Amino acid sequence: MDRLHPRLRRPRRASSSSLRRTALALCVSAATSPAPAAAQHFQIQVDDPGLAPLAAEVARLAEAARGTVGVAAHHLETGRGFTLNGDQRFPMASTYKVPIAVRILSMVDAGEIALGDMVEIEQRDVYLTASTISDLIDDPGLQISIHNLLEMMLQTSDNIATDVLMRVAGGAAAVTGRMTDAGIDGIRVDRPTWALIANWLGAAEVSEANRIDPGPYRKLLDAERTDADIAALNAAFNPDPRDTSTPAAMAELLTKIWNRELLSEESSALLIDIMYRCRTGEGRLKGVLPPGTQVAHKTGTIGQTTNDVGIIDLPGDAGHVVAVVYIKESAIETYADREPVIAHIARAIHDYFVFNGG
């Protein structure tokens, strides 16, 4: 599953609902009343009249999220597709690790760094978060190759590996700049994960330029919060434009990766291969696809947001389809209960292009 850091504590008197670990932060009780389906205000754009029934079915399935859903589907072999709320911004959560990987591999292609370069993990990098590094490493002196950091970031959504790679990449602005250079204006990366989480937890002053040390960060995680506190955190975080993408922009990024428009053949193949081996989010895009279906994807979760973005292999000669599903502002309490929405949308997209791929 996705997870970020292991703790967000409420007083014992608060609701007994469990707090789940998530990919880019934590998924917690929404502490809000269910949103009526009509509040979705769906805006469906269809670029092929034959896709209208699929778009309508996806809109119907999206109502189960009890929040706002953004979808983009793009059949790679024919260019046909549609979007639902395709130009609306959604928190990327850990799906922002895909643009970070593109920036790193662009530097590899340019000869600025090499996959075999060893990177020192500094003591100040070791935050309490969803990371093999923070789980196992207590003392300084560890070095990890850029290749292995990429594997950790994309396979298991390791947050410390992500933040170290963002540092190697030149910071968040350099990652966003790579997206802009690629002509993708709907993706912005603004913060390392430790800053994003700290901001989510109410420490608005923390930024890439104004670090929080691991000790105070741990205290921030351990602070007790009521359901009302958590609802206030969500209300402040949800409209934040930082670290967001539109579904259309993420679909464009995945399409350009697949088509080798951003990276060398070697780097493109490596990135896609790692994404095929992603170990998180088995209940999302993959959740109800036919057994054995291969998906190159990346998941993300934070607060009331649950995401999965990737490329689904279709059987026979039906090709491949990019599928982006973002959920935000969901009144469903746990990310596990949001995952079936993503799974059923992915199955609808899969089945349409299996039978209408040409």
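Report follows, based on the coordinates. Everything numeric in this text was worked out from a predicted model, so none of it was measured.

## Quick notes on unusual backbone geometry
So, step 1. Backbone geometry at Ser157 places phi at a positive 60 degrees, although glycine is not the residue there.
So, step 2. When you line up the elements, Ser157 lands in the loop between helix H4 (146-155) and helix H5 (159-169).
So, step 3. With a phi angle near 55 degrees, Asp243 is a residue other than glycine that sits in the positive phi range.
So, step 4. You can see Asp243 is positioned in the loop between helix H9 (227-237) and strand S9 (244-245).
So, step 5. The class of Asp243 is buried, set by a relative accessible area of 2%.

## A closer look at the nonpolar core
So, step 1. If you look at the biggest cluster of nonpolar residues, it comprises 58 residues, and the most contacted ones within it are Leu150, Met250, Leu253, Leu254, Leu271 and Val324.
So, step 2. Of all elements in the fold, only helix H2 (97-109), H4, H5, helix H6 (172-181), helix H10 (247-258), helix H11 (265-276), strand S11 (305-313) and strand S12 (320-328) reach the threshold of two or more residues within this core.
So, step 3. Contacts of Leu254, omitting those with residues within four sequence positions, involve Val98, Met275, Val309, Gly310, Ile311, Val322 and Val324.
So, step 4. Ranked by size, the runner-up nonpolar core spans 30 residues in total, among them Val58, Ile312, Val325 and Ile342.

## Quick look at the layout of surface pockets
So, step 1. Of the pockets and cavities examined, the largest pocket occupies roughly 160 Å³.
So, step 2. In terms of lining residues, the largest pocket is bounded by Arg124, Asp125, Tyr127, Asp163, Met166, Arg167, Pro192, Trp194, Glu208 and Arg211.

## Focus on the packing of helix H7 (residues 193-200) against helix H8 (residues 214-222)
So, step 1. Here H7 crosses H8 at 40 degrees, and the two axes come no closer than 10 Å. In terms of orientation, H7 and H8 fall into the oblique class. When you trace H7 past H8, the crossing you get is left-handed. Contacts from Trp194, Ile197 and Ala198 in H7 reach Tyr217, Leu220 and Leu221 in H8.
So, step 2. Along the lines of polarity and charge, the residues of the contact of H7 with H8 split into 6 nonpolar, no polar and no charged.

## As for the side chain of Asn238
So, step 1. Within the secondary structure, Asn238 is located in the loop between H9 and S9.
So, step 2. Asn238 sits in the buried class, given a relative accessible area of 12%.
So, step 3. With residues near it in sequence (within four places) discarded, Asn238 still touches Gln304 and Glu329.

## Quick word on the pattern of salt bridges
So, step 1. Evaluated as defined, the whole model comprises 14 salt bridges.
So, step 2. Glu151 serves as the salt-bridge partner of Arg277, at 2.9 Å between the closest nitrogen and oxygen. Residue Arg277 is located in the loop between H11 and strand S10 (295-302), and its partner Glu151 is located in helix H4; the two are separated by 126 residues in the primary sequence.
So, step 3. The exposure class assigned to Glu151 is buried, which follows from its relative accessible area of 15%.
So, step 4. The shortest N-O distance in the salt bridge between Arg284 and Glu339 comes to 2.8 Å. One end of the pair, Arg284, is in the loop between H11 and S10; the other, Glu339, is in helix H12 (residues 335-355), and 55 residues separate them in sequence.
So, step 5. Residue classification places Arg284 among the buried residues on the basis of a relative accessible area of 0%.
So, step 6. On the basis of relative accessible area, Glu339 is assigned to the buried category, the value being 11%.
So, step 7. Connected via shared salt-bridge partners are Arg191, Asp240, Arg242 and Asp243.

## What to know about the packing of aromatic side chains
So, step 1. Overall, the coordinates contain 4 aromatic pairs when judged by the stated rule.
So, step 2. Taking 5.8 Å as the distance between ring centres and 25 degrees as the angle between the ring planes, the aromatic pair formed by Phe90 and Tyr326 counts as stacked. Here Phe90, found in strand S6 (residues 90-91), pairs with Tyr326, found in strand S12; they are 236 residues apart in sequence, far enough to count as distant.
So, step 3. We classify Phe90 as buried; its relative accessible area is 0%.
So, step 4. Here the aromatic residues Tyr127, Trp194 and Tyr217 are joined through ring pairs into a cluster of three or more.
So, step 5. Across from the ring centre of Phe90, 4.7 Å away, lies the NZ or CZ of Lys328, which sits over that ring.

## Regarding the side chain of His297
So, step 1. You can see His297 is positioned in strand S10.
So, step 2. Separated by 2.9 Å, the side chains of His297 and Asp308 make a polar contact.
So, step 3. With residues near it in sequence (within four places) discarded, His297 still touches Met275, Cys278, Thr280, Gly281, Leu285, Lys286, Asp308, Val309 and Gly310.

## Things to note about the environment of Thr83
So, step 1. Its place among the elements puts Thr83 in strand S5 (residues 81-84).
So, step 2. Put simply, Thr83 and Ala73 are 10 residues apart on the chain and 6.4 Å apart in space, counted from C-alpha to C-alpha.

Calculation rules
- Position numbers for residues start from 1 in each chain and track the written sequence from start to end.
- Since the coordinates come from a predicted model, pLDDT governs what is reported: local features require at least 70, and pairs of side-chain atoms require 80 or more to be given and counted, while whole-chain, interface and lining totals use all residues.
- Side-chain numbers come from the whole structure's heavy atoms, not from hydrogens or water.
- A helix here means a DSSP run of H or I that spans at least four residues, while a strand means a run of E at least two residues long, and both kinds are numbered starting from the N terminus.
- Residue burial is assigned from relative accessible area. The probe radius is 1.4 Å, only protein chains are included, and a residue is buried under 20% of its type maximum, exposed over 50%, and partly exposed in between.
- Here the nonpolar core consists of buried residues drawn from Ala, Val, Leu, Ile, Met, Phe, Trp, Tyr and Cys, with membership extended through side-chain atoms lying within 4.5 Å.
- Throughout, a contact is declared for two residues whenever any of their heavy atoms are within 4.5 Å.
- Put plainly, a pocket is an open set of points on a 1 Å grid over the protein atoms alone with protein on both sides within 12 Å along at least five of seven lines, a cavity is a set where a 1.4 Å probe fits but cannot get out, and a lining residue has an atom within 4 Å of a point.
- Grid points are joined across faces, edges and corners, and a volume is the space filled by probe spheres set on the points.
- Under this scheme, a helix contributes an axis fitted over its contacting stretch, all axes are lines through C-alpha atoms, and angles between N-to-C directions fall in the 0 to 180 degree range.
- Should an angle fall under 35 degrees it is called roughly parallel, over 145 degrees roughly antiparallel, and 65 to 115 degrees roughly perpendicular, with every other angle called oblique.
- Whether a crossing is left-handed or right-handed is set by the direction in which the near helix is turned from the far one by less than a right angle, anticlockwise for left-handed and clockwise for right-handed.
- When residues are sorted by character, Ala, Val, Leu, Ile, Met, Phe, Trp, Tyr, Cys and Pro go into the nonpolar class, Asp, Glu, Lys and Arg into the charged class, and all the rest, Gly among them, into the polar class.
- For this document, the term salt bridge refers to a Lys or Arg side-chain nitrogen within 4 Å of an Asp or Glu carboxyl oxygen.
- The pairing test for Phe, Tyr and Trp rings, Trp by its six-membered ring, is centres within 6.5 Å, and the orientation test on the planes gives stacked under 30 degrees, edge-to-face over 60, and tilted for anything in between.
- Either the NZ atom of lysine or the CZ atom of arginine qualifies as a charge over a ring when it sits within 6 Å of the ring centre and within 35 degrees of the ring normal.
- Counted as a polar contact is a pair of N or O atoms within 3.5 Å, where, for protein atoms, one must be capable of donating a hydrogen and the other of accepting one, and residues adjacent in sequence contribute only when both atoms are in side chains.

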